[in-house]
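Each chain, letter by letter, is given below.
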Number of protein chains: 2
Amino acid sequence: MSQQRHGSTPGEAGGVPAFPDLPEATIARLPEYLRALHHLAETGAETVSSEGLAAAAGVNSAKLRKDLSHLGSYGTRGVGYDVSLLVAQIEYILGLDENRAVCLVGVGNLGHALAGYAGFASRGFRVVALFDTDPRKVGEQINGLTVRHIDDLERIAAEESIAIGVIATPPGTAQTVADALVAAGVTSILNFAPGVLSVPSNVDVRKVDLAIELQILSFHEHRKASLTALPGGRSAAASPDKLPDNQKAVGS
Amino acid sequence: MSQQRHGSTPGEAGGVPAFPDLPEATIARLPEYLRALHHLAETGAETVSSEGLAAAAGVNSAKLRKDLSHLGSYGTRGVGYDVSLLVAQIEYILGLDENRAVCLVGVGNLGHALAGYAGFASRGFRVVALFDTDPRKVGEQINGLTVRHIDDLERIAAEESIAIGVIATPPGTAQTVADALVAAGVTSILNFAPGVLSVPSNVDVRKVDLAIELQILSFHEHRKASLTALPGGRSAAASPDKLPDNQKAVGS
């Protein structure tokens, strides 16, 4: 989920093309559209209707058309969108043609899992460095990379042109690590530690907070329990309104 | 992030209290408010202004006041909110007074990391079972739990009243696992596998998709590079508009 969103203005006059400033929610849906489009391309589809792509991505089609209009992509009435063109447009906007260097700080259980995450490489992100403060971890080999001490961050970040830092440290050290990443020239951070980071306005932060995700699910469980509670305080049976398993997800 | 959001109506007539149907974005911010409030309580603060709480949670204060108004919490002009009362209100809404049983399916690198995640227990979530399909993993002991075969899911889910399932399997098996969880009576799913799950409308899904998070950051990197590109195609220096490290994050 997003931590902060800083406003920005389109490209300056003088020949630089304007880059769309998309709503954060739209940005978050583009990768889902891309995944669905890749699947469609694999099946040989050349075009896709907005309804078809929306269903594959789990959103309603009006929202999808609105999202894609931000990219200047409107589809053709009665036909829909050209799959390979739309793939190219979304990949361009997401900057996926670049191969971006990623570093990971914090090599505990979660860090090990992230360091081994195959999905990074398959999407054009290269994990180029792993850092920790624990001398017992420095020197460990993971996935062909050697864990380095955090003191080497600034030098290695410059050598490798690291743009994205992933923080997988305990909560107490996350801000210090963020400060070090920013000082080393990193301008995007993916934070797995709980809490809100303070960063300059040119640094983007996405956070993945398991505790928050669980609490959100807890809210929904509580709400469902409240809705099924009968007068007098007795609860309904454990599985009140179960629909058949093959029911498609309702678009949001 | 949310996968689907299904509408719901407030409590029925006949004595059941109405449960607020909050916007998903509000629900996602409540745990951040709660974390900030816990820190404030630890420092001995008895009240907090909306501006103070908003700054601690990384949001703007108008948004915070709107969120809390959904809970029927309006604060006192000139004073703000009573910390312990607001903690109680948010914990109630999030259903955190219940101790919810969680199971984890998929015991690879990520599953190991999640099984050892201390944050579950500290927030009233008990990981009560681990499942995998790989016979080499079944029987393995992790954090005091024994990995069981997925065939045992339905029985154990009933015995333990499991409400929340965490999916940490490869992408190809996630839907099958979701189907099994739903059949076993699980009504909330936290999904780490890429892709959109199909579930009945009474099942809530939150997803954590690292690939999407990275692609969102890639968008922001691309946008920043476009904004700093000079006429003639030359890019500005690597760290164009760096602000001092101690600058507070701008509220969203």
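Residues numbered from 1 in each chain as written. Chains lettered and ligands numbered in written order. Predicted model: local features only at pLDDT ≥ 70, side-chain atom pairs only at ≥ 80, totals over all residues. Heavy atoms only, no water.

What follows is about the overall build of chain A. The secondary structure content of chain A amounts to nine helices and nine strands. Counting only residues that meet the buried cut, chain A has 49% of its 252 residues in that class. Put simply, of all contacts in chain A between residues at least 6 apart along the chain, 54% involve residues at least 24 apart. Carbon and sulfur atoms form 53% of the exposed surface of chain A, whose accessible area is close to 10900 Å². (Helix = DSSP H or I, 4+ residues; strand = E, 2+ residues; numbered from the N terminus. Buried < 20%, exposed > 50% of the residue type's maximum accessible area, 1.4 Å probe, protein only. Contact = heavy atoms within 4.5 Å. Areas by Shrake-Rupley, 256 points an atom, 1.4 Å probe, with all protein chains shown as cover.)

Counting along an α-helix, one turn takes 3.6 residues, and residues three or four places apart therefore face a common direction. Residues and elements named next belong to chain A. The complete set of buried residues in helix H2 (residues 50–57) reads Ser50, Leu53, Ala54 and Ala57. The buried residues of H2 all sit within an arc of 100° when viewed along its axis, so they share a single face. In this structure, the buried side of H2 is in contact with helix H1 (24–42), strand S1 (47–48), helix H3 (61–70), strand S2 (81–82) and helix H4 (83–93). (Arc of directions from axis to C-beta.)

Inspection of every chain in the model, using the stated rule, returns 30 salt bridges over all chains. The closest approach of N and O atoms between Asp209(A) and Arg35(B), which form a salt bridge, is 3.0 Å. In this pair, Asp209(A) sits in the loop between strand S9 (204–207) and helix H9 (210–228) while Arg35(B) sits in helix H1 (residues 24–42), so the two residues belong to two different chains. Ionic pairing is found between Lys224(B) and Glu221(B), a salt bridge with its closest N-O pair at 3.2 Å. Of the two residues, Lys224(B) and Glu221(B) are both situated in helix H9 (residues 210–228); the distance of three residues between them amounts to about one turn of the helix. Using a relative accessible area of 15% as the deciding quantity, one classes Lys224(B) as buried. Glu221(B) sits in the buried class, given a relative accessible area of 9%. One network of salt bridges, in which partners are shared, links Glu32(A), Arg35(A), Lys207(B) and Asp209(B). (Salt bridge = Lys/Arg side-chain N within 4 Å of Asp/Glu carboxyl O.)

Judged by pairing direction, the sheet is mixed, and its seven strands sit side by side in the order S5-S6-S4-S3-S7-S8-S9 (chain B) without closing on themselves. The two strands at the open ends of the sheet, each matched to only one other strand, are strand S5 (141–142) and strand S9 (204–207) of chain B. (Pairing = 2+ DSSP bridges.)

What follows is about the UniProt feature "DNA-binding region" (unreviewed entry) in chain A. The UniProt feature table records "DNA-binding region" (unreviewed entry) at residues 32–71 of chain A. Along residues 32–71 of chain A, the helical share is 72% and the strand share 5%, with 15 Å between the first and last C-alpha atoms. (UniProt positions renumbered as here; feature names shortened; annotations may be inferred.)

For the rest of this paragraph, the subject is unusual backbone geometry. Phi at Asn143(A) takes a positive value of approximately 55°, unusual for a residue other than glycine. Residue placement: Asn143(A) occurs in the loop between strand S5 (141–142) and strand S6 (145–149). The residue Ser161(B) is not glycine, and still its phi comes out positive at about 50°.

Let us look at the nonpolar core. Formed by 100 residues in total, the largest nonpolar core has its most connected members in Leu30(A), Leu68(A), Ile90(A), Leu30(B), Leu68(B) and Ile90(B). Setting aside chain neighbours within four positions, we find Leu68(B) in contact with Leu30(B), Tyr33(B), Leu53(B), Ser73(B), Tyr81(B), Leu86(B) and Ile90(B). (Core = buried A, V, L, I, M, F, W, Y, C linked by side-chain atoms within 4.5 Å.)

Right, let's talk about the sheet that holds strand S8 (residues 188–191) of chain A for a bit. Adjacent strands of a sheet pair through backbone hydrogen bonds, lying either parallel or antiparallel. Residues and elements named next belong to chain A. In spatial order, the strands read S5-S6-S4-S3-S7-S8-S9; together these seven strands make up an open sheet with mixed pairing. Looking at which strands have only one partner, the edges of the open sheet turn out to be S5 and S9. Both strand S3 (residues 100–105) and strand S4 (residues 125–132) contribute to a ladder of six bridges, which runs parallel. Across the sheet, residue Ala101 finds its bridge partner in S4, namely Arg126.

The geometry of a pair of packed helices is captured by two quantities: the angle between their axes and the separation between those axes. Residue and element names in this part refer to chain A. Where H1 contacts H2, the axes come no closer than 9 Å and their chain directions differ by 110°. As the angle between them shows, H1 and H2 are arranged roughly perpendicular. Two packed elements cross with a definite hand, and for H1 against H2 that hand is right-handed. Contacts between H1 and H2 involve Glu32, Tyr33, Ala36, Leu37 and Leu40 on the former and, on the latter, Leu53, Ala56 and Ala57. Residues of the contact of H1 with H2, tallied by class, amount to seven nonpolar, no polar and one charged. (Axes fitted to C-alpha atoms, helices over the stretch in contact; angles between N-to-C directions. Parallel < 35°, antiparallel > 145°, perpendicular 65-115°, else oblique. Left-handed = near helix turned anticlockwise from the far one by under 90°. Nonpolar A, V, L, I, M, F, W, Y, C, P; charged D, E, K, R; others polar.)

This part covers the pairing of strand S7 (residues 162–167) of chain B. Residues and elements named next belong to chain B. Burial of S7 is extensive: six of the six residues sit out of reach of the surface. Of the strand pairs in this sheet, strand S3 (residues 100–105) and S7 are connected by five bridges, and their pairing is parallel. Counterpart to Ala101 in the pairing with S7 is Ile162. Where S7 meets strand S8 (residues 188–191), four bridges bridge the pair, whose relative direction is parallel. Looking across to S8, one finds that Ile167 is bridged to Asn191. Handedness of the crossover is the feature at issue here: the chain leaves S7, passes through helix H8 (residues 174–183), returns alongside S8, and the resulting connection is right-handed. (Right-handed = clockwise from strand over helix to strand, strands pointing away.)

It is worth spelling out the packing of H1(A) against H9(B) at this point. As a packed pair, H1(A) and H9(B) sit with axes 9 Å apart at the nearest point and diverge in direction by 120°. Taken together, the axes of H1(A) and H9(B) are oblique relative to one another. Note on packing geometry: the crossing formed by H1(A) with H9(B) is right-handed. Here Glu24(A), Ile27(A), Ala28(A), Pro31(A), Glu32(A), Leu34(A) and Arg35(A) of H1(A) come into contact with H9(B), specifically with Ile212(B), Gln215(B), Ile216(B), Phe219(B) and His220(B).

Residues and elements named next belong to chain A. Residues Asp204 and Arg206 of S9 are buried on one face, and the alternating residues Val205 and Lys207, pointing to the opposite face, are buried as well. With four bridges joining them, S8 and S9 adopt parallel strand pairing. Directly across from Ser188, in S9, lies its bridge partner Asp204.

Once that is clear, we can look at helix H7 (residues 153–160) of chain B. Residues and elements named next belong to chain B. Of all the residues in H7, the buried ones are Leu153, Ile156 and Ala157. Projection of H7 onto a plane perpendicular to its axis shows the buried side chains occupying an angular sector of 105°, all on one side. The exposed residues of H7 that point more than 90 degrees off its buried face are Ala158 and Glu159. Residues of H7 that are buried make contact with S3, strand S4 (125–132), strand S6 (145–149), S7 and H8. Downstream of H7 by one or two residues, Ser161 has phi in the positive range, about 50°.

Residues and elements named next belong to chain A. Within the secondary structure, Asp67 is located in helix H3. When its relative accessible area of 2% is taken as the criterion, Asp67 is described as buried. When the C-alpha positions of Asp67 and Gly106 are compared, they lie 36 Å apart, and in sequence the two are 39 residues distant. Contacts of Asp67, omitting those with residues within four sequence positions, involve Thr26, Arg29 and Tyr33.

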